[in-house]
Amino acid sequence: MADSLFYIFAFFTVACAVGVVANRNAVNGAMCLMLCLMGIAGLFVLLDAYLLAALLVLVYAGAVVALFLFIVMLLDMQGGVKRPFKKMTAVASLASLGLMLVGVSMLGSRGHLATLPSPAAAAAPVGAVLKNYAELLFTTYLLPVQVMGFLLLIAMLGVIVLSKKFEGMEDIK
Amino acid sequence: MNAGLNEYLILSGLLFALGFFGVLLRKNTLAIFMCLELMLVASTLAVVAFSRFNGTLDGDVFVFFILTVAAAEVAVGLAIIVALFRRRQTVQVEELNALKN
């Protein structure tokens, strides 16, 4: 059951990722990104990371995609001229995609990761219990948590500064 | 066929490759940013799979931090794009060539 669910979610996620890459319309791209994140949240549930699945849906599919849609609406870029792709760009990106796919397939055919025990055979999993998360966050990872709080503060200040109007600067042309 | 660690890693690598392809191919700054997010999420999938098959929670906590950083990154990046659009009236990377020459 879990295996077929994995393949369903994997196919769904990859199809939506192709939609993100290939869609010319930015709104459709953002919607595909949201569906892709939903698929990844499903995969997280299959991996027993329930909290992360909920956080992914809340933070990414909720806040980030909404922010993207908001900016697309604000900038209104649909009217611009559509330029064809340069041949060099297409060739370079296709070559890089091919190289990465070769790397992935090497992982599948030559990697020794298959020798790791499967989840059923593994020792009793810690389980994504909230208590365990809290214990880790407030003991082992206390410093990173503080740093994250500081980072969010700095990001907030940075966004405020960036969205101010710069009066005295001459235009860079 | 059993969905083990290898399958999750292959899926993660595939998603990463697709995002990378999009970053190189697309012209719209917002689309590039979306593909960048796709790459980030693909890497978190690999981390969660490693953590699950290792039987520890440390990877999950790390993904927690990655999500926080990604949220901050999206906020700042979109603010930069909006500032850029206000100044140059475009978000197409081909027209953003102020550093050329």
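Above this text is the structure in question.
First things first, this report covers the structure right here in the doc. (Residues numbered from 1 in each chain as written. Chains lettered and ligands numbered in written order. Predicted model: local features only at pLDDT ≥ 70, side-chain atom pairs only at ≥ 80, totals over all residues. Heavy atoms only, no water.)

Below, the discussion takes up the overall build of chain A. Across its full length, chain A carries six helices and zero strands. For chain A, the sequential pattern of α-helices and β-strands runs α-α-α-α-α-α. Burial statistics for chain A: of 173 residues in total, 28% are counted as buried. Residue pairs in contact within chain A that sit at least 24 positions apart in sequence constitute 56% of those at least 6 positions apart. Here chain A has roughly 10,700 Å² of accessible surface; of this, 74% comes from carbon and sulfur atoms. (Helix = DSSP H or I, 4+ residues; strand = E, 2+ residues; numbered from the N terminus. Buried < 20%, exposed > 50% of the residue type's maximum accessible area, 1.4 Å probe, protein only. Contact = heavy atoms within 4.5 Å. Areas by Shrake-Rupley, 256 points an atom, 1.4 Å probe, with all protein chains shown as cover.)

Within chain B, the regular secondary structure consists of three helices and zero strands. Evaluated residue by residue, chain B yields a buried proportion of 60% over its 101 residues. Looking at chain B alone, contacts between residues at least 24 apart form 58% of all its contacts between residues at least 6 apart. Surface summary for chain B: the accessible area is close to 3,800 Å², and the carbon and sulfur share equals 67%.

Moving on, we come to the interface of chain A and chain B. Taken together, the contact pairs 86 residues of chain A with 71 residues of chain B. Broken down residue by residue, the surface that chain A buries against chain B is led by Val 21, Leu 47 and Phe 68 of chain A, which jointly contribute 10%. Here chain A is connected to chain B by one salt bridge. The shortest N-O distance in the salt bridge between Arg 52 of chain B and Asp 48 of chain A comes to 3.0 Å. The tally of links between chain A and chain B comes to eight residue pairs in polar contact (both at pLDDT 80 or more). Looking at which element gives the most residues to the side of chain A that touches chain B, the answer is helix α3 (residues 50–75) of chain A, with twelve residues. Here the residues of the side of chain A that touches chain B are counted per class, giving 65 nonpolar, eleven polar and ten charged. (Buried area = accessible area lost by both parts, 1.4 Å probe. Salt bridge = Lys/Arg side-chain N within 4 Å of Asp/Glu carboxyl O. Polar contact = N/O pair within 3.5 Å; in protein donor to acceptor, adjacent residues only side chain to side chain. Nonpolar A, V, L, I, M, F, W, Y, C, P; charged D, E, K, R; others polar.)

With that out of the way, let us pick up the packing of aromatic side chains. Applying the stated criterion across every chain, the model contains six aromatic pairs over all chains. Between Phe 64 of chain B and Phe 65 of chain B, the ring centres sit 6.2 Å apart and the planes meet at 75°, which makes this aromatic pair edge-to-face. Among the residues examined, Phe 64 of chain B registers a relative accessible area of 24% and is labelled partly exposed. Ring pairing ties together the aromatic residues Phe 6 and Tyr 7 of chain A together with Tyr 8 and Phe 53 of chain B, which thus form one cluster. (Phe/Tyr/Trp six-rings, centres within 6.5 Å; stacked < 30°, edge-to-face > 60°.)

To continue, consider the environment of Phe 21 of chain B. Along the chain, Phe 21 of chain B falls in helix α1 (residues 5–25). In this structure, the C-alpha to C-alpha distance between Phe 21 of chain B and Ile 32 of chain B, residues eleven residues apart in sequence, is 9.8 Å. The contact partners of Phe 21 of chain B, leaving out residues within four places of it in the chain, are Val 21, Ser 93, Leu 94 and Leu 97 of chain A.

Pairs can form between side chains of opposite charge whenever their charged atoms are close. Residues and elements named next belong to chain B. Tallied over the full model, the rule gives two salt bridges over all chains. Of the charged contacts, one joins Glu 94 and Lys 27 as a salt bridge, the two residues approaching to 3.8 Å between their closest N and O atoms. One end of the pair, Glu 94, is in the segment after α3 (58–88); the other, Lys 27, is in the loop between α1 and α2 (29–54), with 67 residues separating them in the sequence. Owing to a relative accessible area of 12%, Lys 27 belongs among the buried residues under this scheme.

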